[in-house]
Amino acid sequence: MDAIRTLVLSGGGGRGAFHAGVYNYLLKAAKEGVDEPHSHVWFPDIVVGTSIGAVNGAAIAQGISPQRLENVWLKLREKDIQGLPPGMKFLARWVAKRALEGMIGVPLERVPPGRATSPKAEEFWPPLPFLPRWVSEKLTGRWLNLLDTGPLAKTLQDEFRLDMDRIAKSDPALLITATNVQTGERVIFSNRTIYDRATGERRKDVVPGISLQRILASCSIPIVYPWTYDEETDAYYWDGALVANTPMGAALDAVRDVPVEVPMEVVVVLMTPWWEAGEVPPARSEALPDSFGEAITWTLDWALLSSFRERLQLVEAYNRLARRERQQNRSQLRYREVKTVIVAPQDFFPVARIIDYDEQSALLIEEGYKSAQQAFQRAF
């Protein structure tokens, strides 16, 4: 083994078509403009996914072909992912439909109670204080989240064809993240038991086992979607991106049995523009946000990037220690060298694309392919 290959897929909802383009490039058998070791198929030994990255990551770990993953994304539409919660009544539905039409171009219908994932709310919301409570409830209903993920649960089976038995037995290790609603702690679900590389003890923050519920949990964007209950851990989960959009540390523990002399290559796929110090930033970043929508987009993207920047600095610190060990010709090495390759779009994706699934996916796929090609040519 020349290097351990790790693919980290960040969250981003409808932006996830970008992952499909990246995956297509990684599995290309003849890559131009890169060195010989990287000119062939680059298939990951470890896949780490958050939110929609957990969905695409599960499909990749299962062995989906790049063409099929792209075709799934080209077919997906908003109704395949979400709908209005069943507890939302007439007035709230009317307002939600008009708002969604303005944001994503289409209204969404209410998800039938038998297919819905939304919990029952104790109070109705939003309140209408100028009307009696019973009238207000009749108009707005009781609901805790803006959209319901019942359609997504069906799509994971019907379109992505996720098979938990195949994922459990897959060659790549799969790690997906979620956030415990009641404690705020990050939890990782994995198709492997992961042991701490320093102590040899099983990591308490990594729960063995991948299920459709756990993949759904990783996608449960707070407020937008309902939390997801996991029976085995008896806990409720929100989207993993809430606390860790691009976790990398557990990937190092996933290969603790591989000699530390073997380096790791980590391809991190972001949904936000990225530039290194000294590089020319995107033209749009030279100005300030010029609308409320852009302000939300920038705020969300920078918040998601902040944890990654810290992790990248930590990786670079360990790399310095690894290089020092090798320069000193130590007989026993403690630190594995990690090369990080960042694949990112050239410009910001509008925040509405998080819940927007439409024909624009073709452009995202194309951009993902080109961004991966440019990143590999720079890195290798």
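Here, the structure is the one placed above.
These numbers come from a predicted model, not from an experiment. (Residues numbered from 1 in each chain as written. Predicted model: local features only at pLDDT ≥ 70, side-chain atom pairs only at ≥ 80, totals over all residues. Heavy atoms only, no water.)

**What about the packing of aromatic side chains?**
Both the distance between ring centres and the angle between the ring planes are used here to describe each pair of aromatic rings. Under the defined criterion, the tally for this structure stands at 14 aromatic pairs. Each ring, one from Phe18 and one from Phe349, has its centre 6.0 Å from the other, and the planes form 65°; the classification is edge-to-face. Placement of Phe18 in helix H1 (residues 17-26) and of Phe349 in the loop between strand S9 (338-343) and helix H11 (361-379) is noted, with a sequence separation of 331 residues between them. Of the two residues, Phe18 and Phe349, neither departs from the other in class, the shared state being buried. Ring centres of Tyr318 and Tyr335 lie 5.6 Å apart, and the angle between their planes is 40°; this geometry places the pair in the tilted category. Taken together, the residues span a long stretch of sequence, with Tyr318 in helix H10 (residues 292-327) and Tyr335 in the loop between H10 and S9 at a distance of 17 residues. Residue class for Tyr318 comes out partly exposed when judged on its relative accessible area of 36%. An aromatic cluster of at least three residues, connected via ring pairs, comprises Tyr25, Trp42, Tyr369, Phe376 and Phe380. Residue placement shows Lys31 over the ring face of Tyr25; its charged tip is 5.5 Å from the ring centre. (Phe/Tyr/Trp six-rings, centres within 6.5 Å; stacked < 30°, edge-to-face > 60°. Helix = DSSP H or I, 4+ residues; strand = E, 2+ residues; numbered from the N terminus. Buried < 20%, exposed > 50% of the residue type's maximum accessible area, 1.4 Å probe, protein only. Lys NZ or Arg CZ within 6 Å of the ring centre and 35° of its normal.)

**Thoughts on the pattern of salt bridges**
Under the defined criterion, the tally for this structure stands at 17 salt bridges. The salt bridge partner of Asp230 is Arg214, with a shortest N-O separation of 2.9 Å. In this pair, Asp230 is assigned in strand S6 (residues 228-230) and Arg214 in helix H8 (residues 212-218), connecting sequence segments 16 residues apart. Accessibility assignment for this pair places Asp230 and Arg214 in one class, buried. A salt bridge links Asp356 to Arg353, with the nearest nitrogen and oxygen atoms 3.8 Å apart. What you see here is one network of salt bridges that share partners, running through Arg186, Arg197, Arg203, Asp205 and Asp253. (Salt bridge = Lys/Arg side-chain N within 4 Å of Asp/Glu carboxyl O.)

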